[in-house]
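Spelled out from the first residue to the last, the chains are:
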Amino acid sequence: MFSTEALVRARGDILTSRNSCVIGFGKIGRAIAQTLRAQDLRVTVYDSDPVKRVQAHSLGFRTSTSTAEAVSDAELVLCATGNLALRQGDFAALRNGAYLGSVTSSEDELELGSLDELYQRTPVSAQLTRYEVTGHYFYVLADGGAVNFVHGAAVGAYIHLVQAEILAATAALSHTHFQPGLHEMPAADRDAIARTWLHHFER
């Protein structure tokens, strides 16, 4: 939200009291929605998973039954699905002048390449691009890439926890026969990884 607001303010625009939309209501999407609400934006949530839409509704967020409906009135749209959130046909539903951003890579969230022959792209600033076709325009933050990295955001040493668990999972797969399906690392392994991390970084 810090980077999103900074890029919007660079145009002399503000987000307070605007309509916003969050696509994807996982851990990141939920945090974004709560931050938007705390900053006095009206928030609509869309997630393809009906259970997550129920969760959003139970937390007081307005929910929508489709992507197009969710974005149609939003002046700020943030995508946090980790999948393809907006496809070619969805962009036409964006409100004129809407700001569109992602918290993952553009390839994951936004099918922007499909707009190359339809929309004219005009750089507004280093991290803001205007997409325009007759009668319709919107702005894309950070070329559709992770807006949270615009100002150098990083997870720091905590990334080693993720990397260590990936290595541990790889080792487990090479030494143990698992039934097909999803599996989690045992709590003991996570505990060992956390203790090792603390021994190295907790100084």
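Details of the structure are given in the entry above.
The structure contained in this document is the topic of the report that follows. (Residues numbered from 1 in each chain as written. Predicted model: local features only at pLDDT ≥ 70, side-chain atom pairs only at ≥ 80, totals over all residues. Heavy atoms only, no water.)

### Details of the overall build of the chain
A count of helical and extended segments in the chain gives eight helices and eight strands. Residue burial in the chain is summarised as follows: out of 203 residues, 36% are buried. Long-range contacts, defined as pairs at least 24 residues apart, comprise 54% of the intrachain contacts of the chain with a sequence gap of at least 6. When the accessible surface of the chain is summed, it comes to about 11700 Å², and 54% of that surface belongs to carbon and sulfur atoms. (Helix = DSSP H or I, 4+ residues; strand = E, 2+ residues; numbered from the N terminus. Buried < 20%, exposed > 50% of the residue type's maximum accessible area, 1.4 Å probe, protein only. Contact = heavy atoms within 4.5 Å. Areas by Shrake-Rupley, 256 points an atom, 1.4 Å probe, with all protein chains shown as cover.)

### Considerations on helix α2 (residues 27-38)
The terminal C-alpha atoms of α2, which comprises 12 residues, lie 17 Å apart, in line with the 16 Å expected from a rise of 1.5 Å per residue. Structurally, α2 contributes buried residues whose contacts are with β1 (19-23), β2 (42-46) and β4 (76-79). Looking one or two places after α2, you find D40, whose phi comes out positive at around 70 degrees. (Expected span 1.5 Å × (residues − 1).)

### Overview of the sheet that holds strand β7 (residues 128-133)
In space, the eight strands of this open sheet follow the order β3-β2-β1-β4-β5-β8-β7-β6, with mixed pairing throughout. With partners counted over all chains shown, the strands left at the sheet margins are β3 (62-63) and β6 (120-125), one partner each. Judged from the four bridges that link them, β1 and β4 form a sheet pairing that is parallel. Note on β4: the bridge partner recorded for V22 is L78. Sheet strands touched by α2: β1, β2 and β4. Its angle to β1, the strand with the most contacts, is close to 170 degrees. (Pairing = 2+ DSSP bridges. Axes fitted to C-alpha atoms, helices over the stretch in contact; angles between N-to-C directions.)

### A look at the pairing of β6
Direction of pairing for β6 relative to β7: antiparallel, over a ladder of five bridges. Among the inter-strand pairings, S125 is bridged to a residue of β7, identified as L128. Connecting β6 to the antiparallel partner β7 that follows it, the hairpin turn spans two residues.

### Notes on the packing of aromatic side chains
For any pair of aromatic rings, the description rests on two quantities: the centre-to-centre distance and the angle between the ring planes. Summed over the entire model, instances satisfying the criterion amount to seven aromatic pairs. For the pair Y99 and Y139, a centre-to-centre distance of 5.4 Å together with 25 degrees between the ring planes defines the contact as stacked. Residue Y99 is located in strand β5 (residues 98-102), and its partner Y139 is located in strand β8 (residues 136-141); the two are separated by 40 residues in the primary sequence. Pair check on accessibility: Y99 and Y139 agree, each one buried. Pairwise contacts between aromatic rings join F91, Y119, Y131 and F138 into one cluster. Positioned above the aromatic ring of F61 is the side chain of R37, whose terminal nitrogen or guanidinium carbon lies 3.9 Å from the ring centre. A cation over a ring is seen here: R130 above Y137, with NZ or CZ 4.0 Å from the ring centre. (Phe/Tyr/Trp six-rings, centres within 6.5 Å; stacked < 30°, edge-to-face > 60°. Lys NZ or Arg CZ within 6 Å of the ring centre and 35° of its normal.)

### Describing the pattern of salt bridges
In this structure the tally under the stated criterion is 10 salt bridges. Here E5 and R9 are joined by a salt bridge, their closest N and O atoms 3.6 Å apart. One end of the pair is E5 and the other is R9, both in helix α1 (residues 2-9) and four residues apart, which spans about a single turn. Across the pair E132 and R130 runs a salt bridge whose closest N-O atoms are separated by 3.2 Å. What makes E132 partly exposed here is its relative accessible area of 33%. With a relative accessible area of 22%, R130 lands in the partly exposed category. Residues participating in the shared-partner salt-bridge network are D13, R18, D73, E75 and R95. (Salt bridge = Lys/Arg side-chain N within 4 Å of Asp/Glu carboxyl O.)

### Let's talk about the side chain of E109
Following the sequence through the fold, E109 ends up in helix α6 (residues 106-109). An unpaired buried charge is present at E109: no salt bridge exists, and R87, the closest side chain of opposite charge, is 10 Å distant. Reaching out from E109, the side chain makes a polar contact with the backbone nitrogen of T81 at a distance of 2.8 Å. Side-chain polar atoms of E109 contact the backbone nitrogen of G82, separated by 2.5 Å. Setting aside anything within four residues of it in sequence, one finds E109 in contact with C79, A80, T81, G82, N83, L84, A85, L86, S102 and T104. (Lys, Arg positive; Asp, Glu negative; His and termini not counted. Polar contact = N/O pair within 3.5 Å; in protein donor to acceptor, adjacent residues only side chain to side chain.)

Interpretation in functional terms is not warranted from these geometric data alone.
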